[in-house]
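What follows is each chain in one-letter form.
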Amino acid sequence: MGTETMPNVFPLVDRLLAPFTPALGADYTGYRNHVQRVLNQVQALSGGVAPPDTVQLAAPFHDLGIWTARSFDYLAPSIQLALAHLASERLERHGPEVAALISEHHKLRRYRGPFAATVETCRRADLVDVSLGLVRFGLSRAHLRAVQTAFPDAGFHRRLASLTAQQFLRTPLRPLPMFHW
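Residues numbered from 1 in each chain as written. Predicted model: local features only at pLDDT ≥ 70, side-chain atom pairs only at ≥ 80, totals over all residues. Heavy atoms only, no water.

Asks: What is the right way to look at the overall build of the chain in this model?
Replies: Regarding its fold elements, the chain presents 10 helices and 0 strands. Going from N to C terminus, the chain has its helices and strands arranged as α-α-α-α-α-α-α-α-α-α. Radius of gyration (C-alpha) of the chain: 15 Å, near the 16 Å computed for a compact globule of 181 residues. Structurally, the chain occupies a C-alpha span of about 45 × 35 × 35 Å along its principal axes. In the form shown here, the chain has an accessible surface area of approximately 8900 Å², with 60% of it arising from carbon and sulfur atoms. The chain carries 19 positive and 14 negative side-chain charges, and their two centres are separated by 5 Å. (Helix = DSSP H or I, 4+ residues; strand = E, 2+ residues; numbered from the N terminus. Rg over C-alpha atoms; globule rule 2.2 N^0.38 Å. Areas by Shrake-Rupley, 256 points an atom, 1.4 Å probe, with all protein chains shown as cover. Lys, Arg positive; Asp, Glu negative; His and termini not counted. Charge placed at Lys NZ, Arg CZ, Asp CG, Glu CD.)

Asks: What is the right way to read the nonpolar core from this model?
Replies: Looking at soluble globular proteins, one finds that nonpolar side chains tend to be buried together. With 46 residues, the main nonpolar core has Leu24, Tyr31 and Ile102 as its most contacted residues. Secondary-structure elements contributing two or more residues to this core are helix 1 (11-17), helix 3 (28-45), helix 4 (53-58), helix 5 (65-68), helix 6 (75-88), helix 7 (95-103), helix 8 (116-130) and helix 10 (156-170). Per-element accounting of this core gives the leading share, 8 residues, to helix 3. Leaving out residues up to four positions away in the same chain, Leu24 has contacts with Leu17, Tyr31, Leu64 and Trp67. (Core = buried A, V, L, I, M, F, W, Y, C linked by side-chain atoms within 4.5 Å. Buried < 20%, exposed > 50% of the residue type's maximum accessible area, 1.4 Å probe, protein only. Contact = heavy atoms within 4.5 Å.)

Asks: I would appreciate a short explanation of the side chain of His105 in the present structure.
Replies: Relative to the helices and strands, His105 is located in the loop between helix 7 and helix 8. From its side chain, His105 meets the backbone oxygen of Ile102 in a polar contact 2.7 Å long. Engagement of the side chain of His105 in a polar contact is seen with the side chain of His106, the distance being 3.0 Å. His105 has contacts with His62, Asp63, Tyr74, Leu75, Arg123 and Asp126, leaving out every residue within four places of it along the chain. (Polar contact = N/O pair within 3.5 Å; in protein donor to acceptor, adjacent residues only side chain to side chain.)

Keep in mind that these numbers describe shape and distance, not what the molecule does.
As structure tokens, then:
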């Protein structure tokens, strides 16, 4: 894309994830790095502009329900965690956008609803990371390598594969409940 930057560390991620360290357990570093990679992809897809506050607030929570609710049907629990945090910080005004960012980040088609610009950018950024760069939306391989080097996988994708297999065995007719059209 030509507007990619060197990887950034987003400090809010560590602050927001700290209370969930016990729930994340051995997956903490992998999930933390996934969130950092997603935020870096959002920035790159946005022409180098830092992700807005709403995106930085939503990102640490977007998949967190996997660990806190112990479920692969985790969008609603993740939204609840984010909204509780917003309430504790008196940031309820961001609730609708943060909820949309989380609920739509696994949408299979382009998102065109409220907050479309930020939601669609986040949806794409998450897909870049989850697909291990197979889907790049114009981001260079050099950029993806730099972000991956700064924030290594630490077993995150292996964990997702394991959770997906477990979910398939439990509910073969609905193996990926977080995806929707």
